[in-house]
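Listed here are the chains, written in short residue letters.
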Amino acid sequence: MKATPARLRFKARLGQANHFLVTSLIALHTLDNSEVEAAPEVLRTSWNPKNKSASVIRSRNFVMKSFLGWAVDSIDMYISLLDRKPRCIESTELSKGLQEIGRSVSKRLGLVNQYYEVNSELVALVDVLITWRNNIFHEANDNAVQEVTRRTLLNSASFIADKYRGLIVDRLVDKAERGAPLTFKETASLIKAAHDIVEELDTKVLKQLNVERYCAEAVQLALDDKKRHSKFRSKYASLDMSRRKSFVTTWLKNEYGITNPPESTLVEASDLL
């Protein structure tokens with residue numbers, strides 16, 4: 001198992017975000033430097049800006065805001081899916097904490113980061129990302145970055161600049177807390193930090209994952225779900241133990257990316273009601 005289903009969903013949702021961002025900015029730049037003054041007929045809409053360049057600048061800012069908001073929502077989705085059955089989180093204490101902590105993505109991510117001891121520079125950058133998103137999308141909120149984030153960014157400025165192609169962190173905290181516009185470099189770097197933190201988290205989650213428990217839980221969930229997995233249930237019930245193990249092996253590979261599960265795992269997963 002190279003990645004959890006949660007990370008696969010995250011990558012499908014945010015995987016090419018920076019490519020899409022660059023494509024959008026190129027399109028806006030091209031529009032600004034073109035003679036186009038009206039929407040093409042194929043769009044069947046009107047577009048008559050009084051100042052095309054000003055409209056492009058505002059659209060550029062909106063696009064970058066949208067991408068960063070999408071990045072935060074994708075992180076939130078990843079954490080939620082980790083704790084959804086079949087659970088990838090082995091710690092019952094962590095699972096309980098996530099369920100009790102509410103919908104704050106900052107608190108949920110902080111709990112997960114604390115348990116798995118994630119790289120502090122990544123935690124700091126994503127704290128900036130979430131704080132900035134909250135101040136942009138929830139104007140009633142008065143969000144501030146954590147004090148440890150300030151220290152980490154200050155102490156690791158050179159490391160972050162090397163890792164994120166010259167990203168300068170000096171003004172990130174101030175911009176996040178004011179909800180000020182970010183540069184393309186800052187936007188692309190924070191999106192990459194979202195990818196990096198999920199990748200590191202996923203690696204640590206997989207190292208702790210009890211594959212035998214996970215496989216049995218996945219198969220049992222499919223057997224219990226009469227609506228979505230009726231064909232699986234029928235096939236599973238019709239096979240003897242030997243052929244059922246082969247069927248379960250293929251199903252686990254296709255559904256969860258689990259290859260070559262141990263014999264004991266297959267026996268348990270093939271002997272459920």
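Everything numeric here is computed off the predicted structure, so don't read it as measured data.

To continue, consider the pattern of salt bridges. Counted by the stated rule, this structure contains 16 salt bridges. Here D225 and R228 are joined by a salt bridge, their closest N and O atoms 3.1 Å apart. R228 sits in the exposed class, given a relative accessible area of 66%. K245 is the partner of E263 in a salt bridge, and the nearest nitrogen-oxygen pair spans 2.6 Å. Of this pair, E263 sits in helix α14 (residues 263-269) while K245 sits in helix α13 (residues 241-256), placing them 18 residues apart in sequence. Taking the relative accessible area as the measure of exposure, E263 reaches 46% and is therefore partly exposed. Salt bridges sharing common partners tie together D76, R103 and R108.

A few words now on the packing of aromatic side chains. This structure, assessed with the given rule, holds 7 aromatic pairs. When the centroid spacing of 4.8 Å and the interplanar angle of 85° are considered together, the rings of Y115 and Y116 count as edge-to-face. Exposure remark for Y115: the relative accessible area of 35% places this residue in the partly exposed category. The buried category is assigned to Y116, whose relative accessible area is 5%. Among the aromatic residues, those joined into a cluster by ring pairs are Y214, F232, Y236, F247, W251 and Y256. The residue whose ring lies beneath R13 is W70, and the NZ or CZ to ring-centre distance is 3.9 Å.

Each value, and the rule that gives it
Residues numbered from 1 in each chain as written. Predicted model: local features only at pLDDT ≥ 70, side-chain atom pairs only at ≥ 80, totals over all residues. Heavy atoms only, no water. Salt bridge = Lys/Arg side-chain N within 4 Å of Asp/Glu carboxyl O. Buried < 20%, exposed > 50% of the residue type's maximum accessible area, 1.4 Å probe, protein only. Helix = DSSP H or I, 4+ residues; strand = E, 2+ residues; numbered from the N terminus. Phe/Tyr/Trp six-rings, centres within 6.5 Å; stacked < 30°, edge-to-face > 60°. Lys NZ or Arg CZ within 6 Å of the ring centre and 35° of its normal.

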